[in-house]
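Listed below, chain by chain, are the residues.
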Amino acid sequence: MRTTIFSWLDHEFVALCGEAPPGASAAEEAERLFRRFESELHGLGLSLDHVVRTRLWGRDRRSRDLGSEARLRILSGKARSASSSYIAPVHFDSAANVALDLLAMRPARPDSRKQVVEYDPPIVPIRFLVYEAVVVLSGVTAVLPSLETQLDDILPRIEASLRDAGSSWDRAAKVSFFLHRSQRLESLKELFHRRVRTRIPEVEYCHVDGYSAEGKLCEIEVTASL
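Note on numbering: residues in each chain are counted from 1, in written sequence order. Totals for whole chains, interfaces and linings use every residue, but because this is a predicted model, local features are given only for residues with pLDDT of at least 70 and side-chain atom pairs only at 80 or more, for both listing and counting. Note that water and hydrogens are dropped before the side-chain values are worked out from all heavy atoms of the structure.

Peer 1: An account of the packing of helix α1 (residues 26-43) against helix α2 (residues 61-74) is requested, with residue identities and associated values reported.
Peer 2: For helices, the fitted line uses only the C-alpha atoms of the stretch in contact; every axis is such a line through C-alpha atoms, and the angle between N-to-C directions lies from 0 to 180 degrees. Strands are runs of DSSP state E lasting at least 2 residues, helices are runs of H or I lasting at least 4, and numbering of each runs from the N terminus. Between α1 and α2, the least distance of the axes is 8 Å, while the angle of their chain directions is 45°. It follows that α1 is oblique to α2 by the angle criterion. Of the two possible hands of crossing, α1 and α2 adopt the one that is right-handed. Contacts from Ala26, Ala27, Ala30, Glu31 and Phe34 in α1 reach Ser63, Leu66, Gly67, Ala70, Arg71, Arg73 and Ile74 in α2. Roughly parallel refers to an angle under 35 degrees, roughly antiparallel to one over 145, roughly perpendicular to one between 65 and 115, and oblique to any angle outside these ranges. Crossing handedness is defined as follows: a turn of the near helix away from the far one that is anticlockwise and smaller than a right angle gives a left-handed crossing, while the clockwise case is right-handed. Whether two residues touch is decided by their heavy atoms; if any such pair falls within 4.5 Å, the residues are in contact.

Below, the structure written as structure tokens:
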């Protein structure tokens, strides 16, 4: 497990990354990993209630599905937060079937609470959360025939969530793209910059092998400020 503490968006953040210890199932692996993460957060004066984003990695589809189900059980109530999940066997250096990236935020005011906004009707991922002046969107994706048509569906939905949160593309601090390995990164960049002309301070790209459903070619995560 790796722990990183850093300042960003006028707050202190804690990033935890790790692969699960061996378990009887991917669900058990995810539960064990969350327990390790929870203990680490407690040692820093935080808890799972301070989590703003988790990214779950599965070695294969079954591992992704079981790990996601475990995450939904664990991160409930005040711990509910933005989420995404990917299938990427090359992500693993161990024999684990599940890995996690977790991002927690230390609020400036101890009595601050996350404002979680669900989709209507609610689905497994939240739509977005607002925590003090920070806006965190769950990964947004679509099942459509091509990368271009998927972006034409994804990007307006992101823009609407940012607007409903009181933010905008101009306030985006980081955009993370998770592109299917069959797609060209250059095509993604061209399609995105043709539609969103705002300069975004931090952009990252990663190739993956799958998502929550077949047919998806890209998932986009956005973090912004108010």
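Peer 1: Requested: an account of the sheet that holds strand β3 (residues 51-58), with residues and values cited.
Peer 2: At least two DSSP bridges between two strands are needed for those strands to be called paired. Pairing within the open sheet is mixed, and its 5 strands lie in the order β1-β2-β5-β3-β4. Each edge of the sheet is formed by a strand with only one pairing partner; in this case those strands are β1 (2-8) and β4 (82-87). When the angles between neighbouring strand axes are averaged without regard to direction, this sheet yields 15°.

Peer 1: Tell me about the pairing of β3, and name the residues and values.
Peer 2: A regular strand places its side chains so that they alternate between the two faces of the sheet. β3 sits mainly inside the fold: 8 of its 8 residues count as buried. Examined bridge by bridge, β3 and strand β5 (residues 98-106) share 7 bridges and lie antiparallel to one another. The partner of glycine 58 across the bridge, within β5, is valine 98. Where β3 lies against β4, 6 bridges are found, and the strand directions are parallel. Bridging across to β4, threonine 54 finds its partner in serine 83. When the strands point away from the viewer and the path from the first strand over the helix to the second turns clockwise, the crossover is right-handed. The handedness of the β3 to β4 crossover, carried by α2, is right-handed. Residue burial is assigned from relative accessible area. The probe radius is 1.4 Å, only protein chains are included, and a residue is buried under 20% of its type maximum, exposed over 50%, and partly exposed in between.

Peer 1: Lay out the pattern of salt bridges in plain terms, naming residues and giving numbers.
Peer 2: Just to be clear on terms, a salt bridge is a Lys or Arg side-chain nitrogen sitting within 4 Å of an Asp or Glu carboxyl oxygen. Inspection of every chain in the model, using the stated rule, returns 21 salt bridges. Two residues, glutamate 132 and arginine 109, come together in a salt bridge whose shortest N-O distance is 3.8 Å. Linking glutamate 132 in the loop between β7 (128-131) and β8 (134-137) with arginine 109 in the loop between β5 and β6 (115-117), this pair joins segments that are 23 residues apart in sequence. Residue classification places glutamate 132 among the buried positions, given a relative accessible area of 15%. A single salt-bridge network, built from bridges that share partners, covers Arg53, Arg55, Asp101, Lys174, Glu202, Glu204 and Glu221.

Peer 1: Describe the environment of glutamate 12, listing the residues and the values that go with them.
Peer 2: Counting through the fold element by element, glutamate 12 comes out in strand β2 (residues 11-19). Along the sequence, glutamate 12 and arginine 106 sit 94 residues apart, while their C-alpha atoms lie 5.5 Å from each other. Once residues lying within four places of it in the same chain are set aside, the contact partners of glutamate 12 are Ile5, Phe6, Ala104, Met105 and Arg106. Nitrogen and oxygen atoms within 3.5 Å of one another constitute a polar contact, given that in protein one can donate a hydrogen and the other can accept it, and given that sequence-neighbouring residues count only through two side-chain atoms. Here the side chain of glutamate 12 touches arginine 106 through a polar contact of 2.8 Å, side chain to side chain.

Peer 1: Please give an account of the packing of helix α3 (residues 147-165) against helix α4 (residues 185-195) that cites residues and values.
Peer 2: For the pair α3 and α4, interaxial distance at closest approach is 11 Å and the crossing angle is 40°. Our pair here, α3 against α4, has a crossing hand that is right-handed. Two secondary-structure elements touch here, α3 through Leu147, Glu148, Leu151, Asp152 and Leu155 and α4 through Leu188, Leu191, Phe192, Arg194 and Arg195. Residue polarity follows a fixed list, in which Ala, Val, Leu, Ile, Met, Phe, Trp, Tyr, Cys and Pro are nonpolar, Asp, Glu, Lys and Arg are charged, and the others, Gly among them, are polar. When the residues that make up the contact of α3 with α4 are grouped by side-chain class, the tally is 6 nonpolar, no polar and 4 charged.

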